[in-house]
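Fold and contact review
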Amino acid sequence: MKNMPSKSELLAELRRQAEAEIQDRPVPSESNESVEESQRLIHGLQTHQIELEMQNEELRRTQEELTTLRDAYSDLYNLAPVGYLIVNANGLIEQANQTVAKIFGRDKTSLDKQPLSAFIVHDDQDTYYRFRRALLDSGEKQSCQLRLHQGDSDPMWVKLDGTVARTTEDNEIQCRLTLTDITVSKRAEATLILAREAAEAANRSKSEFLANMSHEIRTPMTAILGFNDILLDNVTNPEDIDAALTVKQNGKHLICVINDILDLSRIESGKMSVEQIECSPHEFVSDVSSLMAVRARSKGLALSVQFDGPMPETICTDPTRLRQVLINVVGNAIKFTEAGSVQIITRLLNNTGDEPKLQFDVIDSGTGISEDRIESLFLPFVQADSSTTRQFGGTGLGLTISKRLVEALGGEISASSTIGTGSTFSFTVATGLLDDVRLIDNPVETVDVKAADEAESPLADYRILFAEDGPDNQRLIGFIVKKAGADVTVADNGQVALDMVTAAESEGCPFHVILMDMQMPVLDGYAATRQLREKGYTLPIIALTAHAMSTDRQKCLDAGCDDYATKPVDRKKLIQTVAEYAKKAEEV
């Protein structure tokens, strides 16, 4: 800002103008000069003087206001919480406010002609030079974040904003900069990053723990349940049969517990994937009812299925997750019903303007649930009564998992009940668009609930390599596959399996299927499978693992396995899977 003229300077200028005006006037002759004209001249001069004095007063007030504003601006400039800097094209400080001096721990006058880079933390120098270069090259506003030395204190994080201007006198380039303290937000950000990393590490540890726990439980349970089934096939004494059935029932319960914990862990970590597949609602309801029939009949309960109104021929959903929910809800109804019946009613909700949904009502004639306990049913590890776990067993996770899955499928779940009369659990799932889907006007109102077919698939004349290091599982799974008619060769680890595959191919008698355990000494199943695929081996490899996390399946497939089976093995499903791949291998 240029200096304003002083009061005396203004008065002198006004007098000079008045004198010039008087001198410019023509001097009247004595002959025509009159007293009247002289008076008018004097009056004009007096008026002009008054005007000049008024202008002088106005200028004085303006000067006072400018002085006040200049002082206020100076205070704002120097005391602002934001640092202001002017740096020349060479990076030297030409002007700085008091805030900058305080940040640097220096006297403001001592900053003159100092390089700004001298106050920047060494590791952030490159950031500053890139910022300056972009500012000078583009001429447009630039920003960056870096750290400044702050006397003896820890470095301060600042946001540096800059614009380019030219001086009016010599047209030199100036960089006008602001420094905004962002130390608190940066520290908060660092704290959040550490917290997130700690949470991720804890989540990884939890996942690893659950995976290891699953492996440690499933591995011995494979042998326990497997050999127990073999005993059931060969014992006739009623007491022995009852004991074996008790072992089987409790073993399956233990597997259900670990499955529930793993499912809840996957859901809470956001790793539970939901697919969208076209499927028939009539078919999967029939499949679930057939599957649950044995359990219902063992308690003397009637299990019926009804379709209420027209049904879509197909819907778009995740049939695996939907099946899991329906099995869970129907299983609960059977478990808590001592006499009477369990009914599954399915209907289409397709109101105009609303997204079409499928509704399932599972109605039982059980003991019922008190109204104050309904809402808590869907909370983890909570059951309707403290004695429920002791009487019926279970983790209290089934309905929690069902609720999360139903929500992931675009629906809701609810319950209503009357003590002594029974309960109704209702849930909906989105069906996807039904514009081009045929509605069956006269669906089958009831489904003939039949027990699942228990026939086994023969493996006669198929050569199977079974890679497994555990003696118990070698005997059990080897026995199951041999009993189905297969010629079984056992390898104790992945390296032995590699050698046996190579030898069999060189002799012209390759194995139709390899059953590959993934956790083995010397060379595990993942490495053995990868090496086989790298050598051009194309015949089927089925992974066997006691791990049951969703990532474990993908890990096996990524290693080159064709399919995946968890322990404890389902005898019928295992034989069926092996037979399917063996037939494919035979066709090659």
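Residues numbered from 1 in each chain as written. Predicted model: local features only at pLDDT ≥ 70, side-chain atom pairs only at ≥ 80, totals over all residues. Heavy atoms only, no water.

**Some words on the overall build of the protein chain**
Let me state the cut-off plainly: Numbering of helices and strands runs from the N terminus; a helix is a DSSP stretch of H or I covering at least four residues, while a strand is a stretch of E covering at least two. Accessibility here uses a 1.4 Å probe with only protein chains present; expressed as a share of the type maximum, an area under 20% marks a residue as buried, one over 50% as exposed, and anything in between as partly exposed. Contacts between residues were defined by any pair of non-hydrogen atoms, one from each residue, lying within 4.5 Å.
Looking only at helices and strands, one finds 15 helices and 19 strands in the protein chain. The proportion of buried residues among the 588 residues of the protein chain is 39%. Long-range contacts, defined as pairs at least 24 residues apart, comprise 65% of the intrachain contacts of the protein chain with a sequence gap of at least 6.

**Some details on the confidence of the model for the protein chain**
Stated formally: For every residue, the predictor assigns a confidence score, pLDDT, that lies between 0 and 100.
On average, residues of the protein chain score 81 in pLDDT, and 81% of them are at 70 or above. Ranking the elements of the protein chain by mean pLDDT puts helix 9 (residues 388-392) last with 42 and strand 15 (residues 463-467) first with 95. Counting interchain partners and residues more than four positions distant, the pLDDT-below-50 stretch residues 384-395 has 21 contacts.

**A short note on the sheet that holds strand 12 (residues 413-418)**
Spelled out, the test is: Paired strands, as defined in this entry, are two strands with at least two bridges between them according to DSSP. Axis definition: a line fit to C-alpha positions, over the contact stretch in the case of helices; interaxial angles, taken between N-to-C directions, run 0 to 180 degrees.
Across the sheet, which stays open at both edges, the 5 strands sit in the order 7-10-11-13-12 with mixed pairing between neighbours. Since the sheet does not close on itself, it has two edges, and those belong to strand 7 (302-308) and strand 12, each with one partner. Adjacent strand axes in the sheet meet at a mean angle of 15 degrees when their direction is disregarded. Bridging between strand 7 and strand 10 (residues 341-349) involves 7 bridges; their strand directions are parallel. If you follow Val-305 over to strand 10, its bridge partner there is Ile-344. Of the strands in this sheet, strand 7, strand 10 and strand 11 (357-364) are in contact with helix 7 (residues 281-298), which crosses strand 7 at around 165 degrees.

**Notes on the sheet that holds strand 15**
On the basis of which strands lie adjacent, the open sheet formed by 5 strands has the order 16-15-17-18-19 and parallel pairing. The open sheet has two edge strands, strand 16 (487-491) and strand 19 (563-566), and neither has a second partner. Direction aside, the axes of adjacent strands within the sheet are offset by 20 degrees on average. As paired strands, strand 15 and strand 16 are joined by 5 bridges and run parallel to one another. What sits directly across from Arg-463, in strand 16, is Asp-487.

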